[in-house]
Amino acid sequence: MSKKLRAAIIGPGNIGTDLLMKAMRSEWIEPIWMVGVEDSPGIQRARGFGMKVTTDGVDGLVPHIKADNIQIAFDATSAYVHAENSRKVTELGVMMIDLTPAAIGPFCIPPVNLQALLAEGMKSNVNMVTCGGQATIPMVAAVSRVQPVKYAEIVATVASKSAGPGTRKNIDEFTRTTAGAIEQVGGAKQGKAIIIINPAEPPLIMRDTIHCLTESEPQQDKITESIHAMIKEVQKYVPGYRLKTGPIFDGNRVTVSMEVEGLGDFLPKYSGNLDIMTAAALRTAELYAELMQKDAA
Amino acid sequence: MNLKGKKVLLHDMCLRDGMHPKQHQISIEQMINIASGLDEAGVPLIEVTHGDGLGGASVNYGFPAHTDQEYLTAVTKHIKHAKISALLLPGIGTVDHLRMAADCGVKCIRVATHCTEADVSEQHIALSRKLGLDTVGFLMMAHMITPEEILAQAKLMESYGANCIYATDSAGYMLPDDVTARIGLLRAELKPETEIGFHGHHNMAMGVANSLAAVEAGAVRIDGSVAGLGAGAGNTPLEVFAAVLERMGADMQGVNIFKLIDVAEDRVVPMMEHPVRISREALVLGYAGAYSSFLLFAKRAGKKYGVPAHEILLEMAARRTVGGQEDLIEEIAMEMKAKKVG
């Protein structure tokens, strides 16, 4: 086992903290810096974990990138500030994993297109789409790899407590980015995304419904088999990714409902929407780390 | 109750909320016919959108006969006096839809969120205001939280730029005292220039009574629907409410009740596929507090899986579902069927 790649996490909120806790267990990634803009509870937690911290944003990180040999950065802030964050670190040779819906770099849904992205070599920036995208696009791809899908629509229902201020301010970016990735990565000709926020107590576990309209009559056995195989792929990094109902076949409509329970690293288990983002981002970083090691060897 | 001289702005819903019982299949000709009739009757505000708002066209909620753009373009051309409004639910519709609606001649945008989630509406309310549109913040399922909690959410919407705030009884659950408490507090605590509105459903037959309570407590805008065409047991029947207001001497800004009654009887009732009434299922919506547009989805799922539709709705209410969660209905029906068999 060669030495781990050193990483910075930008954004010490819920996602950033959950990502930090997962990264601390990684065999490939070593989190070094947590970047915030004020001495927030997230910064204090990161300090408690022994991380180097700055409250001056990415500008506070930049002078240390070379000295600390930071090679990967995760941005868990918001789409509005991502472009600037990305520019500042990538010009120093750091690879950026983008957890905001900014989508400057190519979309990455690990079980669907990470291998294809890796085959293209190193990227300066890859985008993790959205929580709803991570939870649903594997299912769209599971149908579209069997036969053409003319339209795919996803409905993500998340607990109010798991929808942070970034998502709330950015709700259109969620629907737009997810819909784009349903087409580009999921393989549907047209994509649509809907998000519902529910404040019930106790909070509900993230729930996703995926509707695909196939061009010709759905091949039920093949689609069912493909969906179950894809679920196993996602479960490799999100064990709580579960089929609730379906596939239901009704004419050319194929519908599945999923439940996504998180690992409960930092946030409660109901917020599977956050967990699937951080788990997918870390998995992506790990596979790029492996690639970098190979390239260096 | 003394409403003499009180100003009331009626807002008709039958071409938006009425899209639910019509499964979003109202034709362009019907839209124009009804909207023109409402305009001639002096109704100042008419809503035209997919039942689930701009961008609602979907597998989940139903594909409409025509796009929002086609409906809005057609209707705005034929209207002489009334303002056309469009509904937008952040998470379903986006600012792109909002700009499209404004380009079609819509003068009022109503941004609707679940009553606890007002902070998802900032982008849309701010843009609507910037475009110079009459901008309404619409807090749905307002029976689920206290008046004080609604006020906090209303203040957020007001701070984003909404010039009118609604407490919306999406489930038709409220009784007049519930309305008085919510509208009264909003009126007392929001800026004096912010208008207050109430949107009712008739699931417990409280549409008219609740709307009167709202006016008495300080609401100026009241939603209703001619012939009650709306989700669940329908909205407050607009022509009935107008007749009551006329007898009470309220100032409806020139609405002609006989013309309104004619629109209901001659144009809206003939296009109903089934009577919009307080059926067993609609009553349960109101009694238990479930979102009114779940009605037809529960009936379809009940039929498909052989389970009682009203029991599905009771379960939807027990799980504290919110507007838009239609996708859970089939799953609940399947679970109920499995339990019956097992």
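What counts and how
Residues numbered from 1 in each chain as written. Chains lettered and ligands numbered in written order. Predicted model: local features only at pLDDT ≥ 70, side-chain atom pairs only at ≥ 80, totals over all residues. Helix = DSSP H or I, 4+ residues; strand = E, 2+ residues; numbered from the N terminus. Rg over C-alpha atoms; globule rule 2.2 N^0.38 Å. Buried ≥ 20, exposed ≤ 12 C-beta atoms within 10 Å, placed from the backbone. Contact = placed C-beta atoms within 7 Å. Nonpolar A, V, L, I, M, F, W, Y, C, P; charged D, E, K, R; others polar. Pairing = 2+ DSSP bridges. Axes fitted to C-alpha atoms, helices over the stretch in contact; angles between N-to-C directions. pLDDT = per-residue confidence, 0-100. Core = buried A, V, L, I, M, F, W, Y, C linked by C-beta atoms within 7 Å.

Engineer: Looking at this structure, I do not really get the overall build of chain B. What am I missing?
Structural biologist: Secondary structure assignment for chain B yields 13 helices and eight strands. Over its C-alpha atoms chain B spans a radius of gyration of 19 Å, differing by no more than 12% from the 20 Å that the globule rule assigns to 342 residues. If one aligns the C-alpha atoms of chain B with their principal axes, the spans along those axes are about 60 × 45 × 40 Å. By the burial criterion, 61% of the 342 residues in chain B qualify as buried. Taking the contacts inside chain B whose residues are at least 6 apart along the sequence as the reference set, 76% of them involve residues at least 24 apart.

Engineer: Is there a simple way to explain the interface of chain A and chain B in this structure?
Structural biologist: A common measure of how large an interface is: the accessible area buried when the components associate. Counting residues at the interface gives 24 residues for chain A, matched by 24 residues for chain B. Residue assignment for the side of chain A that touches chain B shows that the elements contributing at least two residues are β7 (149-159), α7 (165-169), α8 (171-184), β8 (188-198), β9 (206-214), β10 (241-250) and β11 (253-260) of chain A. When residues in the side of chain A that touches chain B are grouped by element, the largest group, six residues, is from β8 of chain A. Grouping the amino acids of the side of chain A that touches chain B by side-chain chemistry returns eight nonpolar, eight polar and eight charged.

Engineer: I tried to follow the sheet that holds strand β8 (residues 221-224) of chain B on my own but got confused; where do I start?
Structural biologist: Hydrogen bonds along the backbone pair up the strands of a sheet, which may run parallel or antiparallel. All names here are of chain B. Pairing is parallel in the closed barrel, where eight strands are placed in the order β1-β2-β3-β4-β5-β6-β7-β8. Averaged over all adjacent pairs, the angle separating strand axes in this sheet is 25 degrees, with direction ignored. Sheet topology note: the strand β4 (residues 108-114)/strand β5 (residues 134-140) ladder contains seven bridges and is parallel. Paired with Val111 across the two strands is Gly137, which belongs to β5.

Engineer: Any chance you could explain the sheet that holds strand β6 (residues 125-127) of chain A here in plain terms?
Structural biologist: All names here are of chain A. Spatially, the six strands line up as an open sheet ordered β3-β2-β1-β4-β5-β6, and their pairing is parallel. Strands with a single pairing partner mark the edges of an open sheet, and in this sheet they are β3 (52-54) and β6. Each adjacent strand pair in this sheet contributes to an overall mean axis angle of 25 degrees, direction not counted.

Engineer: Even after reading the chapter, I still don't get unusual backbone geometry, so can you show me in this structure?
Structural biologist: Phi is mostly negative for residues that are not glycine, and the peptide bonds are mostly trans. All names here are of chain A. Along the chain, Glu201 connects to Pro202 via a cis peptide bond; the corresponding omega equals -5 degrees. By the secondary structure assignment, Pro202 is in the loop between β8 and β9. Each neighbour pair has its own omega, and for Gly246 with Pro247 the value is 5 degrees, a cis peptide bond. Topologically, Pro247 is positioned in strand β10. Of note, Asn69 is a non-glycine position whose phi angle comes to about 55 degrees, a positive value. Residue placement: Asn69 occurs in the loop between α3 (57-61) and β4 (70-75).

Engineer: Would you explain the confidence of the model for chain B in this entry?
Structural biologist: Close reading of the predicted structure is inappropriate where its pLDDT is low. Considering every residue of chain B, the mean pLDDT works out to 97; 100% of them sit at 70 or more. Here the complex is predicted with pTM 0.94, and the ipTM for its interfaces comes to 0.95.

Engineer: What should I look at first to understand the environment of Gln325 of chain B in this one?
Structural biologist: Secondary-structure assignment places Gln325 of chain B in the loop between α12 (309-318) and α13 (327-341). Separated by 94 residues in the primary sequence, Gln325 of chain B and Ala231 of chain B have C-alpha atoms spaced 15 Å apart. When neighbours within four sequence positions are excluded, Gln325 of chain B is seen to be in contact with Thr157 and Ile196 of chain A.

Engineer: Sorry if this is basic, but what is going on with the nonpolar core here?
Structural biologist: Side chains of nonpolar character tend, in soluble globular proteins, to be buried together. Residue and element names in this part refer to chain A. In terms of nonpolar packing, the biggest core is built from 220 residues, with Ala7 and Val140 touching the most fellow members. Top contributing element to this core by residue count: helix α10 (residues 272-296), with ten residues. For Val140, the residues in contact, after removing those within four places along its chain, are Val149, Ala152, Ile182, Gly186, Gly187, Ala188, Ile210 and Cys212.

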